[in-house]
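Summary of the model geometry
Each chain, written out:
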Amino acid sequence: MPSLRIFFLLIAALLTAGITNAGPAPAPGYAAYSESLPCVDRIGRCFDAMLAGQPVSVIADKTRHQQITAAAQATNRKVRDVYWEVVGAVESARALEITVSANALGHSEVGEPAEAPVLTIYPLDGQILQSKAADVVSPDVNVNGNAMVQRQNLLQQDALPTGRYVIAIRYIGTANWERKQVFLTVK
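It should be emphasised that the depicted structure is a prediction, and the values quoted were computed from it without experimental measurement. Just so you know, the residues in each chain are numbered from 1, in the order the chain's sequence is written. Reporting in this predicted model follows two pLDDT cut-offs: at least 70 for local features of residues, and 80 or more for side-chain atom pairs to be given and counted; totals over whole chains, interfaces and linings ignore these cut-offs and use all residues. Side-chain measures here rest on the full set of heavy atoms in the structure, leaving out hydrogens and waters.

1. Some words on the sheet that holds strand β5 (residues 118-123)
In a beta sheet, neighbouring strands pair by backbone hydrogen bonds and run either parallel or antiparallel. Applied cut-off: In this description, strands pair whenever DSSP reports at least two bridges between them. Secondary structure elements follow DSSP: runs of H or I no shorter than four residues count as helices, runs of E no shorter than two count as strands, and numbering proceeds from the N terminus. Interaxial angles span 0 to 180 degrees and are taken between N-to-C directions of axes, which are lines fitted to C-alpha atoms, for helices over the stretch in contact.
Read from one edge of the open sheet, 7 strands run β4-β1-β2-β3-β9-β8-β5, paired in mixed fashion. Only two strands of the sheet have a single neighbouring strand rather than two, namely β4 (98-102) and β5. Neighbouring strand axes in the sheet, compared pairwise and without regard to direction, differ in orientation by 30° on average. Two strands pair when backbone bridges link them, and strand β2 (residues 54-58) and strand β3 (residues 84-86) are joined in this way by 3 bridges, in the antiparallel orientation. Its bridge partner lying in β3, S57 is registered against E85.

2. Notes on helix α2 (residues 62-75)
Rules: The span you would expect from a helix comes to 1.5 Å times its residue count less one. Only protein chains enter the accessibility calculation, which uses a 1.4 Å probe; a residue whose area is less than 20% of its type maximum is buried, one above 50% is exposed, and one in between is partly exposed. By definition, the arc is the one covered by directions from the helix axis to the C-beta atoms. Contacts are residue-level and defined by heavy atoms, with any inter-residue pair within 4.5 Å sufficient.
End to end, α2 covers 20 Å across 14 residues, agreeing with the expected 20 Å (1.5 Å per residue, within 8%). Taken together, the buried positions of α2 are H65, I68, T69 and A72. Taken around the axis of α2, the buried residues stretch over an arc of 100°, which confines them to a single face. Residues of α2 that are exposed and point more than 90 degrees away from the buried face comprise Q67 and A74. At its buried positions, α2 is contacted by β8 (163-172) and β9 (177-186).

3. Points about the pairing of strand β1 (residues 47-51)
Across the two faces of β1 the burial differs, with F47, A49 and L51 buried and D48 and M50 not buried at all. The sheet contact formed by β1 and β4 spans 5 bridges and is antiparallel. Each residue of the ladder has a partner; that of L51, found in β4, is I98. Relative to β2, β1 runs antiparallel, the two being bridged by 2 bridges. Residue pairing in the sheet places M50 in a bridge with P55 of β2.

4. Let's talk about the packing of aromatic side chains
Here is the rule we go by: Aromatic rings from Phe, Tyr and Trp, taking only the six-membered ring of Trp, are treated as a pair when their centres fall within 6.5 Å; an angle between ring planes under 30 degrees marks them as stacked, one over 60 as edge-to-face, and anything in between as tilted. The rule is short: NZ of Lys or CZ of Arg within 6 Å of the ring centre and within 35 degrees of the ring normal puts a charge over the ring.
Throughout the structure, instances matching the rule amount to 2 aromatic pairs. Look at Y30 and Y83: their rings are 5.9 Å apart centre to centre, the planes differ by 40°, and that puts the pair in the tilted class. Here the residue Y30 occupies a position in the loop between α1 (2-19) and β1, and Y83 occupies one in the loop between α2 and β3, the gap between them amounting to 53 residues. For the ring pair F47 and Y171, a centre distance of 4.9 Å and an interplane angle of 25° mean the geometry is stacked. Of the two residues, F47 is situated in strand β1 and Y171 in strand β8; the sequence distance between them amounts to 124 residues. With a relative accessible area of 0%, F47 lands in the buried category. The ring of W177 has R42 sitting right over it, with the charged end atom 3.9 Å from the ring centre. K180 extends its terminal NZ or CZ atom over the ring of W84, reaching a point 3.4 Å from the ring centre.

5. Thoughts on the pairing of β9
Most of β9 is tucked away, with 8 of its 10 residues classed as buried. Pairing geometry for β3 and β9, over 2 bridges, is parallel. Bridged to W84 within β9 is V182. Pairing geometry for β8 and β9, over 10 bridges, is antiparallel. For Y171, the partnering residue across the bridge sits in β9 and is E178. Taking the residues that link successive antiparallel strands as the turn, the β8-β9 hairpin has 4 residues.

6. Concerning the confidence of the model for the chain
Stated precisely, the cut-off is as follows: Confidence of the predictor at the level of single residues is captured by pLDDT, which takes values from 0 to 100.
For the chain, the average pLDDT comes to 86, and 86% of its residues sit at 70 or higher. The secondary-structure element of the chain with the lowest mean pLDDT is α1, recorded at 45, while β3 shows the highest, at 98. Between residues 3-22, whose pLDDT stays under 50, and residues either more than four places distant or in other chains, the model counts 9 contacts.

Shown next, in the form of structure tokens:
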């Protein structure tokens, strides 16, 4: 077993070395980054997105990122760190319009979009969304060779009510997947 222990120690050392890289990390620079595994954190660095015709931008200020994340997690504990936002309020009717594309970092890591992005919407101001429970097949998770089925609430409306949201965008690429948690205000 000593060779197995050495192997695991070597892997841990290589991963740690990648996380403490010497060069500047892509935005957000205050988040962990591995030069050898740039998309491993799955915080949205490896694809670009537009919501309601507006670009999704990085939250550059670490303190602001922490404030938005804390407020969102106080409302819904399923929200992860929110590193991205749409600056300025968007129209209710366009809030669910989304486009995604691999960026320079993600072309080789996640590839081009393989299917439409999957959105999870977290209302932060008590908005009630019309949804319907449905069984959805999860094509990327198998149990005993069968696709797993999950119970999900599917949105039954085309617009979002006024207020603040975190929208989780899951980008499914030809080589891998990535996600962004985006702060959005709807007017």
